[in-house]
Every structure is written in structure tokens, then in C-alpha cells.
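A closer look at the structure
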Amino acid sequence: MIALDTNILARFYVDDPADPEAAKQRPIAHRLLTESHQVFVPLTVILELEWVLRAFYGFDAHDFMRVVKHILGLPNVNVEEWSRITNALAWHTKRMDFADALHLLASSHCTEFMSFDDRRFARRANRLGTSPTVVVPSK
């Protein structure tokens, strides 16, 4: 089994004609994902992929969701904690930051999740009725 880094997945899903390296690397990324017997994608790679696709390539939540669902559907690809990623995608499509959703889901055994991010995280999480409850500490 081989493991893939974020840049391999980004090259597979993004055709960037302005980048000369992309022209050389994209066919290699395609071969690695489609011809390798077994592929492992760490959870942290999925997290970084969301950031790269959103911040660098302008993908929105629905575009990212399509990419991840495709990755999860490849028969030779094993994604670490795929069920947590799937649950995080559900919250992400409801405007919760993907990283925040992963953090919250990883903390499901806790009673509260503390964050100073009131508007973008705590309010959205609490509207969704997430568990644990996101609390903004004031003291």
C-alpha cells in the first residue's frame, strides 16, 4: 500500500494550465490513483486538501464535497476515518468550516468544545445542534 500527499490529490483533481509543473505531474497523479493496487489517504491530507482547493483554487463547499465523495468511492483507496470525514462534509455543506467540523467530531466524547470563534463556529454549530456543544468562554 502506498500513501498519497495532498499535492498528488490536488494534481489529480485540478487542471492548472498556467502551471508548467502541473502538465508533468498530473499524469503521474492520475496513474498513482487509478493504477495502484492499494492507496492510503490520511485524514490530515483530506483536511489540507480542503484548504488547498478552497484557498488556492477557489473551490466551494459543494465542489470539495464532490472531490471527497469521488475519493471515498474509489475501490483501491482507503481513507483514514472516512466516516468522520463523511459526517464533517454534512456539516460543511451547512456552512460550517470543514476543519472545525473535523475538530468537533473528534471531540464527540467531550461535554463541551471551547472556542473563541463565536460567529463562524459556535453559533453555526449550536444552530445545527452539534454534540458536544460549542461554548465561547468569557472568563
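Okay, so let's go over this structure.

What counts as what
- Residues numbered from 1 in each chain as written.
- Predicted model: local features only at pLDDT ≥ 70, side-chain atom pairs only at ≥ 80, totals over all residues.
- Heavy atoms only, no water.
- Helix = DSSP H or I, 4+ residues; strand = E, 2+ residues; numbered from the N terminus.
- Buried < 20%, exposed > 50% of the residue type's maximum accessible area, 1.4 Å probe, protein only.
- Contact = heavy atoms within 4.5 Å.
- Areas by Shrake-Rupley, 256 points an atom, 1.4 Å probe, with all protein chains shown as cover.
- Lys, Arg positive; Asp, Glu negative; His and termini not counted.
- Charge placed at Lys NZ, Arg CZ, Asp CG, Glu CD.
- Phe/Tyr/Trp six-rings, centres within 6.5 Å; stacked < 30°, edge-to-face > 60°.
- Polar contact = N/O pair within 3.5 Å; in protein donor to acceptor, adjacent residues only side chain to side chain.

1. Quick word on the overall build of the protein
- In terms of helices and strands, the protein carries seven helices and five strands.
- Along the chain direction, N to C, the helices and strands of the protein fall in the order β-α-α-β-α-α-β-α-α-β-α-β.
- With the C-alpha coordinates of the protein rotated into their principal frame, the extents come out at 55 × 30 × 25 Å.
- When the 139 residues of the protein are sorted by exposure, 42% land in the buried category.
- Sequence separation of 24 or more characterises 52% of the internal contacts of the protein that already satisfy a separation of 6 or more.
- Carbon and sulfur atoms make up 54% of the accessible area of the protein, which amounts to about 8200 Å² in all.
- Positive and negative side-chain charges of the protein, numbering 16 and 17 respectively, have mean locations separated by a distance of 7 Å.

2. Structural notes on the packing of aromatic side chains
- Overall, the coordinates contain four aromatic pairs when judged by the stated rule.
- Taking the centre distance of 5.5 Å and the plane angle of 75° together, the rings of Phe113 and Phe121 count as edge-to-face. For the residue pair Phe113 and Phe121, the accessibility class agrees, reading buried in each case.

3. Quick look at the environment of Ala23
- Mapping Ala23 onto the fold places it in helix α2 (residues 20–35).
- Among the residues examined, Ala23 registers a relative accessible area of 60% and is labelled exposed.
- Along the primary structure Ala23 and Met1 are separated by 22 residues, whereas in three dimensions their C-alpha atoms are 26 Å apart.

4. Some remarks on helix α6 (residues 98–106)
- Taken across its nine residues, α6 has seven buried, putting it largely inside the fold.
- Burial in α6 covers these residues: Phe98, Ala99, Asp100, Ala101, Leu102, Leu104 and Leu105.
- Tucked into the core, α6 has its buried residues touching α3 (43–56), α4 (61–73), α5 (82–92), β4 (112–114), α7 (118–128) and β5 (133–135).
- With a side-chain oxygen lying 3.1 Å from the backbone nitrogen of Ala99, the N-terminal cap of α6 falls on Asp97.

5. Brief notes about α7
- All buried positions along α7 are accounted for by Phe121, Ala122, Arg124 and Ala125.
- Tucked into the core, α7 has its buried residues touching α6, β4 and β5.
- The backbone nitrogen of Arg120 lies 3.1 Å from a side-chain oxygen of the residue at the head of α7, namely Asp117.
- Gly129 occupies a position one or two residues after α7 and carries a positive phi of about 70°.

By themselves, these figures tell us nothing about what the structure is for.
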